[in-house]
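What the coordinates show
What follows is the residue order along each chain.
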Amino acid sequence: MSAPATSPAQAPANSRSRVLVASLIGTTIEFYDFYIYATAAVLVFPSLFFPNSDPTTALLSSFAVFGAAMVARPIGAVVFGHLGDRLGRKGTLVASLLTMGIATFLIGVLPTYEQAGWIATALLVLMRLAQGFALGGEWSGAALVATENAPKNKRALYGTFPQLGAPLGFIIGNGLFLIIGALLPSSAGADPSQPSEAFLSWGWRIPFLFSAVMVVIGLWVRMRLVEAPVFSKTREAGLVRKLPLATVFRSHWKQLLLGTFFMLATYVLFYLMTTFSLSYGRTATDAAVPGLGYSYTTFVLMMIFGVLFFAAFTLISGPLADKYGRRATLIWVTAAILVFGLVWVPLIGMGTLGVVLWLVLGFTLMGMTFGPMGALLPELFPTSVRYTGSGISYNVSSILGAAVAPFIAVALWEAADGSPWLVGVYLSSMALLTLISLLIGKETKDIALDEGETPAGSGTTADRDEAPASPVAP
């Protein structure tokens, strides 16, 4: 949908490069912050903040704190969504990025359990909740910046740019951990899968402190944004809602439910491939609950190789979703995820080649399912409640998927005596739920985001705000 001509009452549209960079850099920073926590949750936090537990319990405790952020994300979606739908996208995005950056930096200066006891663990939980609260408002705002400024026939392509922040953040965050690990290697004779004393003492803090530099860059880019014409026209027409949350639950509850389940398989796959796999890959083969036995460096390099496919197929998914539709693309991808979960054991049983293939396939499917979500979820809701609606769907799904996925995966891994076959079945089960929701839903790629337009048969502009913005099956 081409941007309308500017007028004195309407800010000029953002340039294409400004839109793409602003939507990409913010989510890259946000996912970088989340990834470095996820890595530390596996690598150092069990021993630094839960030292009095056995290794499995400490790991589960660390994952529980990791999952706590997912509970805070819907709260962030409501708060930032309300501000974004009432006041505008730009200021809200700046606030979410600043909140995330401060919380991440403070994790880097926290005392450990040995230094402060339970207070250290409580502060870690508090900072983690702040991270989740911030990310709850970040994704939907970035997706809206991309899609509300995009031509109608390229919304899915533009929507892949905030999604691209996930693989880029992973590569930057884990790459930095690898560099620090190489500079602070384990001493001779030590377990190479375990970090060195210097790494445990202070090296792990560097990625968290470095986030401050990235946040400053992100703030500079986002401060240069102007509001999209789509939102400006809604505000000028008096369609801004006093309580967007109430409107969403009253008039768009079907979209909320569908959007939540659209994201379910994506979230489960995402955190199994990035968090559980790191635990499974570097756990010794002779441990009480055996893993693959790779060193940290070796396995993370294998993961980064897989994430390159994540990035590439995130971008590839956009044009496919624009051409064939979001629903049709995701139905096929979700069916493939279901099958993928059932072949974990045969793949991993092929040795190193099979493990690499497992990572490549998992991250390829991750890109294909994650990419179209940047357009699909915003298209479910009208402009006046789009920030709130898409944010709640995205982040409630994080509770059902991401918050419990690492925890459930470790429990299933332990129940199967070190085999990941139950974890794969769990992934397939979640993919089945997403597949059902996609079959219930209908296509959204031809929905007009601009409430100032009245597509044939859609009724008045006001009617569109009180009725579902996209068609759903009864």
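In what follows, the accompanying structure is described.

1. A closer look at the overall build of the protein
Secondary structure assignment for the protein yields 22 helices and zero strands. Considering the protein as a whole, with its 474 residues, one finds that 59% of them fall into the buried category. The long-range fraction of contacts in the protein, counting pairs at least 24 apart against all pairs at least 6 apart in sequence, stands at 84%. Carbon and sulfur atoms make up 71% of the accessible area of the protein, which totals about 17,000 Å².

2. Concerning the environment of Phe276
Topologically, Phe276 is positioned in helix α13 (residues 264-282). Measuring from C-alpha to C-alpha, the distance between Phe276 and Ala405 comes to 8.3 Å, with 129 residues separating the pair along the chain. Once residues within four sequence positions are removed from consideration, Phe276 is found in contact with Tyr271, Trp344, Ala409, Val410, Trp413 and Val423.

3. Some points on the pattern of salt bridges
The final tally for this structure, using the stated rule, is eight salt bridges. Of the charged contacts, one joins Arg222 and Glu138 as a salt bridge, the two residues approaching to 2.6 Å between their closest N and O atoms. In this pair, Arg222 sits in helix α9 (residues 205-222) while Glu138 sits in helix α6 (residues 118-148), placing the two residues 84 residues apart along the sequence. The class of Glu138 is buried, set by a relative accessible area of 0%.

4. Thoughts on the side chain of Thr369
With respect to the element layout, Thr369 can be found in helix α17 (residues 352-370). Here Thr369 falls in the buried class, since its relative accessible area comes to 1%. Reaching out from Thr369, the side chain makes a polar contact with the side chain of Thr266 at a distance of 2.8 Å. Excluding residues within four positions of it along the chain, Thr369 makes contact with Thr266, Leu330, Val333 and Ile337.

5. Looking at the nonpolar core
Residues Phe45, Phe299 and Trp358 are the most contacted members of the largest nonpolar core, which totals 133 residues. The contacts of Phe45, once residues within four sequence positions are left out, are Tyr37, Ala40, Phe50, Ser62, Ile107, Leu124, Trp204 and Phe208.

6. Some words on the packing of helix α3 (residues 55-87) against α6
Taken N-terminus to C-terminus, the directions of α3 and α6 make an angle of 40°; their axes are 6 Å apart at the nearest point. Put simply, α3 runs oblique to α6. Of the two possible hands of crossing, α3 and α6 adopt the one that is right-handed. Every residue of α6 that contacts α3 at Val65, Phe66, Ala68, Ala69, Met70, Ala72, Arg73, Ile75, Gly76, Ala77, Val79 and Phe80 is listed here: Leu124, Val125, Arg128, Leu129, Gly132, Phe133, Ala134, Leu135, Gly136 and Gly137. Along the lines of polarity and charge, the residues of the contact of α3 with α6 split into 16 nonpolar, four polar and two charged.

7. A word on a nonpolar patch on the surface
On the surface, a nonpolar cluster with roughly 470 Å² of combined accessible area is contributed by Leu98, Ile102, Phe105, Leu106, Val109 and Leu209. Ranked by residues supplied to the nonpolar patch, first place goes to helix α4 (residues 89-107) with four residues. Among the structural elements, Val109 can be located in the loop between α4 and α5 (113-116). What makes Val109 partly exposed here is its relative accessible area of 47%.

8. A look at helix α19 (residues 386-403)
Its 18 residues give α19 an end-to-end C-alpha distance of 24 Å, which sits within 8% of 26 Å, the value for a rise of 1.5 Å per residue. Roughly 30° is the biggest bend found in α19, and it falls at Ser397. Taking burial as the measure, the 18 residues of α19 include 15 buried ones, the bulk of the element.

9. Side note on unusual backbone geometry
For Asp417, which is not a glycine, the phi torsion comes out positive at approximately 55°. Here Asp417 lies in the loop between α20 (405-415) and α21 (421-440).

10. Section: the packing of α3 against α4
Axis angle and axis distance: for two packed helices, these are the angle between their axes and the distance between the axes, and together they describe the pair. Orientation of α3 relative to α4, taken along the N-to-C sense of each, is 155°, at an axis distance of 7 Å. Here α4 runs roughly antiparallel to α3, going by the angle between their axes. Contact with α3, carried on its side by Phe80, Leu83, Gly84 and Asp85, involves Arg89, Thr92, Ala95, Ser96 and Thr99 of α4 and no other residues of that element. Across the contact of α3 with α4, the residue classes break down as three nonpolar, four polar and two charged.

The rules behind the values
Residues numbered from 1 in each chain as written. Predicted model: local features only at pLDDT ≥ 70, side-chain atom pairs only at ≥ 80, totals over all residues. Heavy atoms only, no water. Helix = DSSP H or I, 4+ residues; strand = E, 2+ residues; numbered from the N terminus. Buried < 20%, exposed > 50% of the residue type's maximum accessible area, 1.4 Å probe, protein only. Contact = heavy atoms within 4.5 Å. Areas by Shrake-Rupley, 256 points an atom, 1.4 Å probe, with all protein chains shown as cover. Salt bridge = Lys/Arg side-chain N within 4 Å of Asp/Glu carboxyl O. Polar contact = N/O pair within 3.5 Å; in protein donor to acceptor, adjacent residues only side chain to side chain. Core = buried A, V, L, I, M, F, W, Y, C linked by side-chain atoms within 4.5 Å. Axes fitted to C-alpha atoms, helices over the stretch in contact; angles between N-to-C directions. Parallel < 35°, antiparallel > 145°, perpendicular 65-115°, else oblique. Left-handed = near helix turned anticlockwise from the far one by under 90°. Nonpolar A, V, L, I, M, F, W, Y, C, P; charged D, E, K, R; others polar. Patch = residues over 30% accessible without salt bridge, like charges linked within 9 Å, V, L, I, M, F, W, Y side chains within 5 Å. Expected span 1.5 Å × (residues − 1). Bend = angle between axes of the 7 residues up to and from the residue.

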